[in-house]
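Below are the chains, spelled out letter by letter.
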Amino acid sequence: MSTEALIDKYFRPGRLPHIWCPGCGNGIVTGCIVKAVEQTGLTRDEVAVVSGIGCSSRASGYLDFNTVHSAHGRALPVATGVKMGNPKLNVIVVTGDGDCTAIGGNHLIHAARRNLDLTVVLFNNSIYGMTGGQYSPLTPFGSKATTAPYATIEHDFDVVELAKAAGATFVARGTTFHAQLLTDLIVKGMQHKGFSLIEAVSACPTSFGRQNKMGGPVEMILWQRDHGVMKAAWDKMTDEQRQGKFPIGVLHEDNSKVEYTVAYDYLIKKAQEGKK
Amino acid sequence: MSRVLLLQGNQAVVEGAIAAGCRFFAGYPITPSTEIAEELAKQLPLVGGKFIQMEDEIASIGAVIGASLTGKKVMTATSGPGFSLKQELFGYACAAEIPLVLVNVQRGGPSTGQPTSPSQGDVMQARWGTHGDHWMIALSPSSVPECFDLTRRAYEFSERYRVPVILLMDEVVGHMREKVVLSDDYENLPQPMRKQPTCKPEDFLPYDGGEDGVPAMPPFGIGFRWHVTGLIHDETGFPNGSPEATVKAMDRMYHKLADHYDDIVRVEEFKMEGAEFAVVAFGGAARTAWDAVTMARAEGLKVGLVRPITIWPFAQKHMEKLATQVKGILVHELNCGQYVGEVERAVKGKVPVFSYGKYDNEPATPAELLAEIKKAMGGVK
């Protein structure tokens, strides 16, 4: 489907242009989401998008699905209620690095632990963009931010490892350079029956790039090309070769755990049959 | 057929919720409201509903907001510190007009305070706990049967006016046991319904209040694909930063409740015939007042009780009228004096208003309240 046709089908009339800065990666990630929905064959009525607060979380307002722009950090609890209230809905959670791993960090690990069938697309631009460039838990150690003028001395999370450890049953990473891969990963996440998290490495030239002398939008997207390594190649690399790079692709998949709403249906059946 | 049961107030809330059609509860353990979560964990699956214990109080109200968007009638329950944590998303429910029932079984505060002691210290927090101007409803039951009735009414109001409703309980009523007569078949009871759109999805304006100011609310997944946000929005549901749209949205949310005062604000009078002096008390504190007023009447004192059942919106018209009927008013509440300020504001100095606030972890005895009544009446000329 052409870009124009995708926009006509999935973006709400009159809501564009978006609020994102020139060179921001959020538009690419949002484009990957609608391409993924198109590939799954789901209708717009069957999809709910729940976002938190921040630059990326504004995506929900542009998209023609059942959409919630919730509160800062709270997309996952609200999405939990939407999914449990109507398990037929395919629920996509749109969130940023600050939203998901700082203020919403507790919700992330527990949603992952429950294995509720949500697809989290984490737009990771390494910074709080909307408030003007403060460090987040995913800001790399040693980076500058308006609240880290002497560079941050906090160690960043690897959100892929965090989600795996918390019990997520599908974890993947893509970048806005590897947009086709990112679309495929979101499709896989949506089709996975259980909690999925797809980290989308994205550029914020305005608030992260300028402070860290990473160049403009082009340089930042080429940085993604040069530092993201496909999992198959990553697995063959030595620790030395991995320095400063990160794996992309499907990084974890576990189909052995029962999905939460499926388990809940069993629970209801058991309760109604009088068993304990 | 009916059943006669001996129930705790918290259990009566559960029965009221099931009877009203509540099918989703998310909560977090906290004294003295935990029984509500425990009982709903048991009962909801039996009627095809769902219970979830979330990771914290914030997530609990977040989950009920999400489930409400799918058309479910929902509840969360809490107390003390948990009520503080829920304020963030309670405000979201006010802004986005999401029906939900939040039970707050009050305990002594501030902070961890007195976890197992009666208090009515959250009267003002219920009204103003979340940031920004907003409008909501709070109801306060004084008996176990009333816990059942007011829980059902909380759903009626919440669904009819598309507003979050607080059931403002206290430990006295939450933990006491009384006889309750309940219907065997809740399905015969009227079910509160949410207004649904009558137009086609493409013509739907999700925040158009229509004649009564209450927008229709279709569940997610049936074709309307509307947008929900905590940003100030216009009729379309999308953010609008203009002064005009802001005033219009705020005024509509105010009027949808204020214009229905007579439906929403319920106040009960007890022995007010010929009363020259009134006690104002609500919730668990009203139980003391029933006895104290009866004792006063036995002594020939012309005292009556005015019991607000709806705490918010404030019973402004009732209190203005009361100021023309009696020579003095004593407000008794289990805190250092919160509701009394509202009464003073309405009475505007027309008659003296006295405060008997009790905050020592124990409800007043009828004799203690009677002594306060006599003291106040002695000061009324």
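Only a predicted model underlies this, so the values are computations on that prediction, with no experimental measurement involved. Residue numbers restart at each chain and count upward from 1, following the sequence in its written direction. Throughout, the order in which chains and ligands are written sets their labels, letters from A for the former and numbers from 1 for the latter. This being a predicted model, a pLDDT of at least 70 is required before a residue's local features are given, and a value of 80 or more before pairs of side-chain atoms are given or counted; all residues contribute to the totals for chains, interfaces and linings.

Some points on the confidence of the model for chain B
Regions with low pLDDT should not have their predicted coordinates read in detail. Keep this limit in mind: A score from 0 to 100, pLDDT tells how confident the predictor is in each residue.
With 100% of its residues at a pLDDT of 70 or more, chain B has an overall mean of 97. With pTM at 0.98, the complex prediction returns an ipTM value of 0.97.

Notes on the interface of chain A and chain B
This is how the line gets drawn: Throughout, a residue-residue contact means that the two C-beta atoms, derived from backbone geometry, are no farther apart than 7 Å. The way it works is that DSSP assigns letters per residue, a run of H or I at least four long becomes a helix, a run of E at least two long becomes a strand, and they are numbered from the N terminus. Following the grouping adopted for this structure description, the nonpolar residues are Ala, Val, Leu, Ile, Met, Phe, Trp, Tyr, Cys and Pro, the charged ones are Asp, Glu, Lys and Arg, and the polar ones are all others, Gly among them. Two strands qualify as a pair provided that DSSP identifies no fewer than 2 bridges between them.
Contacts between the two partners involve 33 residues from chain A and, on the opposite side, 34 residues from chain B. Breaking the side of chain A that touches chain B down by element, the ones donating at least two residues are β2 (66–69), α4 (75–85), α6 (105–114) and α13 (260–272) of chain A. Take the side of chain A that touches chain B: its biggest share by element is eight residues, from α4(A). A per-class count over the side of chain A that touches chain B returns 14 nonpolar, 13 polar and six charged. Here β2(A) pairs with strand β9 (residues 227–229) of chain B via three bridges, running parallel. Looking at β9(B), one finds that Thr67(A) is bridged to His227(B).

Remarks on the packing of helix α1 (residues 9–20) of chain B against helix α2 (residues 34–43) of chain B
The geometry of a pair of packed helices is captured by two quantities: the angle between their axes and the separation between those axes. Residue and element names in this part refer to chain B. Short version of the rule: Lines are fitted to the C-alpha atoms to define the axes, a helix being fitted only along its stretch in contact, and any angle between axes, read from their N-to-C directions, falls within 0 to 180 degrees. These descriptions rest on fixed angle ranges, namely under 35 degrees for roughly parallel, over 145 for roughly antiparallel, 65 to 115 for roughly perpendicular, and the rest for oblique. Take the far helix as your reference; a near helix turned counterclockwise from it by less than a right angle gives a left-handed crossing, and one turned clockwise gives a right-handed crossing.
Two numbers describe how α1 lies on α2: the axes approach to 8 Å, and their chain directions differ by 40°. One finds that α1 runs oblique with respect to α2. Where α1 crosses over α2, the handedness of that crossing is right-handed. Contacts between α1 and α2 involve Asn10, Gln11, Val13, Val14 and Ile18 from the first element and Glu35, Ile36, Glu39, Leu40 and Gln43 from the second.

Side note on the sheet that holds strand β4 (residues 118–124) of chain A
The sheet built from nine strands is open, its strands ordered β7(A)-β8(A)-β5(A)-β6(A)-β4(A)-β3(A)-β1(A)-β2(A)-β9(B) with mixed pairing. Looking along the sheet, the strands with just one partner apiece sit at the ends: β7 (228–230) of chain A together with β9 of chain B. Adjacent strand axes in the sheet meet at a mean angle of 20°, parallel and antiparallel pairs treated alike. The pairing of strand β1 (residues 47–51) of chain A with β2(A) spans four bridges and is parallel. Counterpart to Ser51(A) in the pairing with β2(A) is His69(A). Lying over the sheet, helix α7 (residues 159–166) of chain A contacts β4, β5 (170–175), β6 (196–201) and β8 (246–253) of chain A, oriented at roughly 170° with respect to β5(A).

Thoughts on the sheet that holds strand β2 (residues 22–27) of chain B
Residue and element names in this part refer to chain B. The strand order β3-β2-β4-β5-β7-β6-β13 describes an open sheet built from seven strands, whose pairing is mixed. A single partner strand is all that each edge strand has here, and the edge strands are β3 (50–53) and β13 (310–312). The sheet shows a mean angle of 25° between the axes of neighbouring strands, direction not considered. In this sheet, β3 lies alongside β2 in parallel orientation, the contact comprising four bridges. In the sheet register, Phe24 faces β3, and the bridge partner there is Lys50.

What to know about the environment of Gln224(A)
Residue and element names in this part refer to chain A. This is how it is decided: Comment: burial labels come from other C-beta atoms within 10 Å of the residue's own C-beta, placed from the backbone, where a count of 20 or more is buried, 12 or fewer is exposed, and between is partly exposed.
Among the structural elements, Gln224 can be located in helix α10 (residues 217–227). For Gln224, a count of 19 C-beta atoms within 10 Å gives the class partly exposed. Each C-alpha atom, one on Gln224 and one on Lys245, is 9.3 Å from the other, the two residues being 21 residues apart in sequence. Non-local contacts of Gln224, meaning those with residues more than four positions away in its chain, are made with Thr175, Thr176, Phe177 and Val201.

Digging into the nonpolar core
Short version of the rule: Defined on buried residues, the nonpolar core groups Ala, Val, Leu, Ile, Met, Phe, Trp, Tyr and Cys residues joined through C-beta atoms within 7 Å. Residue ranges assigned to each domain were obtained from an automatic or database domain assignment.
The biggest cluster of nonpolar side chains holds 172 residues, and the ones touching the most others in it are Val93(A), Val121(A), Leu167(B) and Val279(B). A domain-level breakdown of this core finds at least three residues from each of domain 1 (2–188) and domain 2 (268–378) of chain B. Counting residues in hydrophobic clusters, the runner-up holds eleven residues, among them Tyr135(A), Ala145(A), Phe177(A) and Met220(A).

Let's talk about the domain arrangement of chain B
Residue and element names in this part refer to chain B. In terms of domains, chain B is made up of domain 1 (2–188) and domain 2 (268–378). Summarising the inter-unit geometry, the C-alpha centres of domain 1 and domain 2 are found 26 Å apart. Taken residue by residue, the interface counts 22 residues in domain 1 and 19 residues in domain 2. It is helix α5 (residues 123–128) that provides the largest number of residues to the side of domain 1 that touches domain 2, a total of four residues. Considered class by class, the residues forming the side of domain 1 that touches domain 2 number twelve nonpolar, eight polar and two charged.

Focus on unusual backbone geometry
In this chain, Gly109(B) is followed by Pro110(B) through a cis amide linkage whose omega measures 5°. Within the secondary structure, Pro110(B) is located in the loop between β5 (100–106) and α5. Cis geometry is adopted by the peptide bond preceding Pro313(B), which originates at Trp312(B) and carries an omega value of 0°. Here Pro313(B) is to be found in the loop between β13 and α11 (316–325). Positive phi is not limited to glycine here, since Lys213(A) has a value of about 50°. Of note in this structure, Glu97(B) is not a glycine but carries a positive phi near 55°.

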